[in-house]
Amino acid sequence: MDALPRWISQHALTLWAVVLILALLIGDLGWRRARRRRLAATGREGYLALRPGTAAILLALLAVLFGLLVWAVWAQTTLVRFDAALAQDLHDRLSPGMLQAIDLVTQLGDPVLIALAAGVVALVLALRRRWRLFVPWCVALGGTAGSGHVIKQFVQRPRPFGGHGFIAETGFSFPSGHAAGSMVFFGLLAYLLLRQWPPPRHRDTIAAAVTLVTVIGLSRVLLQAHYLSDVLAGYALGAFWLVIGIALAELLRRGAQAR
């Protein structure tokens, strides 16, 4: 039990980079597959299709994953002990200078900043009367914030070190709001841009979204602001609402085309 958290803390920054590279490779693979199947956008008014059956499967899988994480934390399983050991090892090994650099990264996913940016995007969509994008945007972002708050109050998991690690945080720890918020905000923003921008810019758009979501979420673990399972649950919750947002946008688009 103690050996794995110790090894992870010893190679934390390297693993952070490795996870980012793997995430980028997976995102690029998904882009290539979509391109081959002609599901990627083909022009300014194109779209990245998400079939209802695929959306249903993804939502079911994400719900199961999130439920398992909630149960693991609630039942105080081995995962909880692993979380605590990893947080302690990171606390002992990472230097203040390194943590200060990581703190700059984590600010990109600050809930206040995300909320302000989301409000700006919503305003732009409303002014342009893009209601079939405005509604999914508000549903996904609002659903993430609301459900995250409710689940935090239900689980009531304390922060690592009582919230007094490298950065002081208030509120409960599970799930990570930074991870969930960055997942749905940057993911859905990428979707909006894919519908507006020409295909040559799609690959970079996906890479940027994947990079931001990955580095923001994992920075919370390195800063000991969240346990690893908090971040994984935040990713699952954010991805759940991201799928809902994209599926709803696709449903509204298909409905408009059918008229």
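Not measured: the values here are computed from a predicted model.

(A) Unusual backbone geometry, seen in detail. Going from F174 to P175, the amide bond is cis rather than trans, its omega being -5 degrees. Checked against the element boundaries, P175 lands in the loop between α7 (131–155) and α8 (177–196). We note that Q156 has phi near 55 degrees; this positive angle belongs to a residue other than glycine. Among the structural elements, Q156 can be located in the loop between α7 and α8. Taking relative accessible area as the criterion, Q156 reaches 45% and is therefore assigned partly exposed. Here Q224, not a glycine, exhibits a phi torsion of approximately 60 degrees, which is positive. Residue classification places Q224 among the buried positions, given a relative accessible area of 2%.

(B) Structural view of the pattern of salt bridges. Inspection of the entire model under this criterion finds three salt bridges. Across the pair R157 and D83 runs a salt bridge, and its minimum N-O distance is 2.9 Å. Taken together, the positions of R157 in the loop between α7 and α8 and D83 in helix α4 (residues 78–93) put the pair 74 residues apart, joining distant regions of the chain. Note on accessibility: R157 and D83 belong to one class, buried. A salt bridge links E250 to R253; the nearest nitrogen and oxygen atoms lie 3.2 Å apart. With E250 and R253 both in helix α10 (residues 228–258), this residue pair falls three residues apart, about one helical turn. The class of R253 is buried, set by a relative accessible area of 6%. Through salt bridges with shared partners, one network takes in D83, R157 and D230.

Reading guide: rules and limits
Residues numbered from 1 in each chain as written. Predicted model: local features only at pLDDT ≥ 70, side-chain atom pairs only at ≥ 80, totals over all residues. Heavy atoms only, no water. Helix = DSSP H or I, 4+ residues; strand = E, 2+ residues; numbered from the N terminus. Buried < 20%, exposed > 50% of the residue type's maximum accessible area, 1.4 Å probe, protein only. Salt bridge = Lys/Arg side-chain N within 4 Å of Asp/Glu carboxyl O.

What is shown is where atoms sit, not what they do.
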